[in-house]
Each structure stands twice: as C-alpha cells, then as structure tokens.
Amino acid sequence: MSKQNVYILGIESSCDDTAAAVIHNGKILSNMIASQKIHEMYGGVVPELASRAHQQNIVPVVAQALAKANISKDQLQAIAFTRGPGLMGSLLVGTSFAKSIAYGLNIPLIDVNHMQAHILAHFIDEEGLNKPPFPFLAMTISGGHTQIVKVENYFDMKVIGETIDDAVGEAFDKSGKILGLGYPAGPEIDRRAALGSPKAFKFTKPKVDGLNFSFSGLKTAILYFIQKETKANKNFIEENLNDICASIQYTIIGILMDKLKLASKQTGIKHIAIGGGVSANSGIRQALKDSEQKFGWTSYVPKFEFTTDNAAMIAMVGYLKFLESDFSEQNVTASARLKI
Ligand code: KG4
Ligand code: ZN
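Residue numbers here run from 1 along each chain, matching the order of that chain's written sequence. Naming scheme: in the order in which they are written, chains are lettered from A and ligands are numbered from 1. It should be noted that, the model being predicted, local features are given only for residues of pLDDT at least 70 and side-chain atom pairs only at 80 or more, the latter also being counted only at that level, while totals for whole chains, interfaces and linings use all residues. To obtain the side-chain values, all non-hydrogen atoms of the structure were included, while hydrogens and water were left out.

Is there a simple way to explain the coordination of the zinc ion (ligand 2) in this structure?
Each donor-metal-donor angle would ideally measure 109.5 degrees in four-coordinate tetrahedral geometry, or 90 or 180 degrees in six-coordinate octahedral geometry. Atoms of type N, O and S within 2.8 Å of a metal are treated as its donors, and for Na, K and Ca the window is 3.2 Å; water is not considered, so some sites may appear to be missing partners. Only His-114 (NE2), His-118 (NE2), His-145 (NE2) and Asp-309 (OD) from the protein reach the zinc ion (ligand 2) as donors, at distances of 2.1 to 2.3 Å. Coordination at the zinc ion (ligand 2) comes from four donor atoms whose angles at the metal span 92 to 155°, giving a geometry best classed as irregular. Written as a sequence motif, the donor arrangement for the zinc ion (ligand 2) is H-x3-H-x26-H-x163-D. Remark: Asp-309 occurs in the loop between β10 (298-300) and α9 (312-323) and His-114 occurs in helix α3 (residues 114-120); sequence separation between them is 195 residues. For the exposure calls, accessible area comes from a 1.4 Å probe over protein chains only, and a residue counts as buried if that area is under 20% of its type's maximum, exposed if over 50%, partly exposed in between. You can call His-114 buried: its relative accessible area is 0%. The geometry test gives tetrahedral to four donors whose angles all lie between 85 and 135 degrees, gives square planar to four donors and octahedral to six donors whose opposite members are over 155 degrees apart with all other angles between 65 and 115, and gives irregular to the rest. Only DSSP runs of H or I with at least four residues qualify as helices, and only runs of E with at least two residues qualify as strands; both kinds are numbered from the N terminus onward.

It is not clear to me how the sheet that holds strand β4 (residues 78-84) should be interpreted in this structure. Could you clarify?
Either a parallel or an antiparallel arrangement is found when strands of a sheet pair, and the pairing is made through backbone hydrogen bonds. Strand pairing is defined by DSSP finding a minimum of two bridges between the two strands. The five strands are arranged β3-β2-β1-β4-β5 in an open sheet whose pairing can be described as mixed. The open sheet terminates on both sides in strands that have one partner only, identified here as β3 (27-35) and β5 (109-113). In this sheet, adjacent strand axes meet at a mean angle of 20° when their direction is disregarded. With four bridges connecting them, strand β1 (residues 7-12) and β4 associate as parallel partners. Each bridged residue has a counterpart across the sheet, and for Ile-11 the counterpart in β4 is Phe-81. Those strands touched by helix α2 (residues 88-105) are β1, β4 and β5, and its axis lies near 160° from that of β4. Each axis is a line fitted through C-alpha atoms, and for a helix only the stretch in contact is used; angles between axes span 0 to 180 degrees, taken between their N-to-C directions. Contacts are assigned to residue pairs with any non-hydrogen atoms lying within 4.5 Å of each other.

Honestly, unusual backbone geometry in this entry has me stumped. Any pointers?
Geometrically, the link from Gly-84 to Pro-85 is a cis peptide bond, its omega value of -5° lying close to zero. Along the polypeptide, Pro-85 turns up in the loop between β4 and α2. With an omega of -10°, the peptide bond running from Tyr-183 to Pro-184 counts as cis. Of note in the backbone geometry, Asn-25 takes a positive phi value of approximately 50° without being a glycine. Note on placement: Asn-25 falls in the loop between β2 (17-24) and β3. Backbone geometry at Asn-106 places phi at a positive 60°, although glycine is not the residue there. By secondary structure assignment, the location of Asn-106 is in the loop between α2 and β5. Residue Asn-106 is classed as exposed on the basis of its relative accessible area of 71%.

In this structure, what is going on with the pattern of salt bridges? I would like to understand it.
Where side chains of opposite charge bring their charged atoms close, a pairing between them can arise. When a carboxyl oxygen of Asp or Glu is within 4 Å of a side-chain nitrogen of Lys or Arg, the pair counts as a salt bridge. The final tally for this structure, using the stated rule, is 11 salt bridges. As a salt-bridge pair, Asp-166 and Lys-174 come within 3.3 Å of each other at their nearest N and O atoms. By relative accessible area, Asp-166 is classed as buried at 9%. Relative accessible area serves as the criterion here: at 29%, Lys-174 is assigned to the partly exposed category. The shortest N-O distance in the salt bridge between Glu-170 and Lys-174 comes to 3.5 Å. With Glu-170 and Lys-174 both in helix α4 (residues 168-178) and four residues apart, the pair spans about one turn of that helix.

Would you explain the side chain of Glu-126 in this entry?
The topology assignment puts Glu-126 in the loop between α3 and β6 (136-141). The buried charged residue Glu-126 lacks any salt bridge partner; its closest oppositely charged side chain belongs to Lys-303, at an N-O distance of 5.1 Å. Within polar-contact distance, the side chain of Glu-126 engages the backbone nitrogen of Lys-303 at 3.2 Å. In this structure Glu-126 touches Ala-121, Pro-302, Lys-303 and Phe-306, once residues within four positions along its chain are discounted. The charged-residue count follows a simple rule in which Lys and Arg add positive charge and Asp and Glu add negative charge, with His and chain termini not counted at all. N or O atoms closer than or at 3.5 Å make up a polar contact, with two conditions inside protein: a donor-capable atom paired with an acceptor-capable one, and, for residues adjacent in sequence, both atoms drawn from side chains.

I keep staring at the sheet that holds strand β9 (residues 271-275) and nothing clicks. Help me out?
An order of β8-β7-β6-β9-β10 is seen for the five strands of this open sheet, with the pairing classed as mixed. The open sheet has two edge strands, β8 (156-162) and β10, and neither has a second partner. Here the average twist between neighbouring strands, direction ignored, is 25°. Bridge count for β9 against β10 is three bridges, and the pairing is parallel. Its bridge partner lying in β10, His-271 is registered against Thr-298. Against the sheet, helix α7 (residues 236-267) touches β6, β7 (146-153), β8 and β9, its axis set at about 160° to β6.

Sorry if this is basic, but what is going on with the packing of α7 against helix α8 (residues 282-295) here?
The axes of two packed helices give the description: the angle between them and the distance between them. Axis separation between α7 and α8 bottoms out at 10 Å; the angle between their running directions is 40°. In terms of their interaxial angle, α7 and α8 are classed as oblique. As α7 runs across α8, the sense of the crossing is right-handed. Residues Gln-249, Ile-253, Leu-256, Met-257, Leu-260 and Lys-261 of α7 form the contact with α8, whose own contacting residues are Gly-283, Ile-284, Ala-287, Leu-288, Ser-291 and Phe-295. Only Asp, Glu, Lys and Arg are considered charged, only Ala, Val, Leu, Ile, Met, Phe, Trp, Tyr, Cys and Pro nonpolar, and every remaining residue, Gly among them, polar. Of the residues belonging to the contact of α7 with α8, the class tally is eight nonpolar, three polar and one charged. Every angle not falling under 35 degrees, over 145, or within 65 to 115 is termed oblique; those three ranges are roughly parallel, roughly antiparallel and roughly perpendicular. It is the rotation of the near helix from the far one that decides the hand of a crossing: anticlockwise by less than a right angle makes it left-handed, clockwise makes it right-handed.

Please clarify how the nonpolar core should be interpreted in this entry.
Note on soluble globular proteins: their nonpolar side chains tend to be buried together. Judged by nonpolar contacts, the single largest core of 41 residues is most densely connected at Met-139, Leu-179, Ile-252 and Leu-256. Aside from chain neighbours lying at most four places away, what touches Met-139 is Gln-147, Ile-148, Phe-213, Leu-256, Leu-260, Ala-273, Ile-274, Gly-275 and Ile-284. For the purposes of this section, nonpolar cores are sets of buried Ala, Val, Leu, Ile, Met, Phe, Trp, Tyr and Cys residues that join through side-chain atoms within 4.5 Å. Ranked by size, the runner-up nonpolar core spans 34 residues in total, among them Ile-8, Ile-28, Val-317 and Leu-320.

Structure follows, in structure tokens:
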C-alpha cells in the first residue's frame, strides 16, 4: 500500500456536531461541520436528539467533504472515525457509517480517540503556526472535557490532571444560564468580560489537590451569590452583567492557570498547548501570552476550526495511524468512556 499520496476521510460524531474532513498527507483539504441548533432551546445537548440529527446529517456532510476536497470516494485510502469518548447514541452513527464505507470501498478502517485527536490537531499543517516539540503539556478545555495531558510522543500520552465534576465549558455555560444568557454562554461571557471589571466580585477558587479540577462548587457559589444579590436588588444582574461576567471569567482562568503552572513546575515542561472550544476565550489566550514572558513558556493554539469539535483532527490522527499501518477490524465498537 503506497504511503506517498494518501487521502483519508475523517468522521466525527461524538457529541452534537456531525463533521467530515479529507486530509491529503498532513494537509486538510476540507473540514465540514453540521452543528445541531436544536439543543439551544434545551440549554444543553439532548442525547437522543443528537443521535437522530447525526443520522440526518452524516450523508450530506461526508458528500460535502469529498466535493470540497475535489476528490471521489475511490481515491480514499482509509476511513478514520471517532470511536470515543462521547455520547453512545452519537458515536454509534459515525462508527456504523465509517465501517460501512470502509467495507464498501474495501479500504482500511482506523479508530480514533477523540481526546487524542484534540491534542494531535496541533500537528495539522497550518501556515504560520508552529507544532509543539515533544514532550509538551496539552490542556483540553471544552464543554465536554478538562484535562492536562503530558504528551511524550504522538501515541504516548498520559492524563496528569482532569476535572472531577463539570467541564470548564459547562462552568461557563451553567453560569451563563444563571445569568439568563443563551446557550452556549461561553462566547457571550467572554464578550462581556472585556467590558467589565474582573475584580468587581470575588468568587473563591475550589481547593482540589494536585492537578485535578473542580467546577461544580463555583457554579453553586455563583448561584447563591446571584440569589442573594437579586433579593436585595431585583435589577442586580442587568446593572452589573459585564462586571459579573468579567469576575466569573477571571476566576475560571485563574483556576486553569494555577493548575497549568503546577503541571509545568512538576514536569519541568514549558511547551504548553491548548485545545477545545474554551481555548477561543480571550482571557485564557491573554494569560498564556503573559506566561511566555513571565515563565518562559512557549504556547501553541491551533486555528479555531481545528480546536472545537471537528473531523480534521480525526483525519489527522487517521493519517498518523495510517503511516504506522495501525488499522481496526470491522468488529470494532464505539466506546463512550474510552480513555487516552
Ligand atoms: O469544543 P467545543 O466546541 O465542544 C465540546 O464541548 O466538545 O466546546 C464548546 C464549549 C462550550 O461550553 C462553549 O461555551 C465554550 O466551548 N466556548 C467558550 C468560548 N467559545 C466557546 N467559552 C469561553 N469563552 C469563549 N470564547
Ligand atoms: Zn471535543
């Protein structure tokens, strides 16, 4: 099998985005995504609705990815898909679909761990962006994950810290819900935070040993704070919204940065990569930039389209595994709690 001129289709369906991408060697030719609007009205992802929407979206999204890449399906050398972790009903759609096309085209099937993919997205060829050298620390922060991973090599990774309850994106989204903001609230809190004072209100940071995170206490603290203040002044939220958002964001960034600093100190690693939807946050980006000066770190942030849930990262891992001839059998199954 030639490894010179490799086209791989990547499929991602672990949560509420149906995505497909084509990679040619290390370069992304197309990266298509169908986001499911339906969850907005419920203020969070509804698993059964997500699974149904994946079934509707997957065929057109794959067709668009092939069309945009300007290749026919017969040019594909392998199909890579997200095996887990994620919502079982969602994963099953991508897994079954990937198996069928690989079988139909008689080409290898490659299973991909979604969390490894968020990290290996840093190796997609992107103009003007440097790839992190090994070893590096990767912090994946999104609505579904919060982890710090020590990355020794492409497939030699160790989770050294993770959330014991909510993900950091949930901390943004649930705080936003308390404030009456729409879902997901992260981008709106970020926007308002820029207009407010980060030290207007103080929220205590959770005390969690080592490199693990906890965000559920913060959510409760915010809820009680808002209940108390609105009892005294029913217009408290609207009169102080920007300051509240700035203070919440400041607290969350503080929690993330404290753990990153500790991880860097414990491992001696100063190459720091971030990924996941929350890495779009301007506060965390600024904090990382400041750390370059303060602690001599080098930070790595991929292009936004490769950092939220996407199939380009799945195709990238597919390519790396293809080079190693690391293929899956047709009896591979989706795994909702797959570990790194
Ligand atoms: O990676 P992602 O698109 O999907 C998964 O959850 O896997 O991440 C979505 C999360 C949401 O919680 C959203 O509120 C958060 O990322 N987010 C942000 C920002 N943009 C997206 N949080 C804070 N600031 C942002 N600018
Ligand atoms: Zn993700």
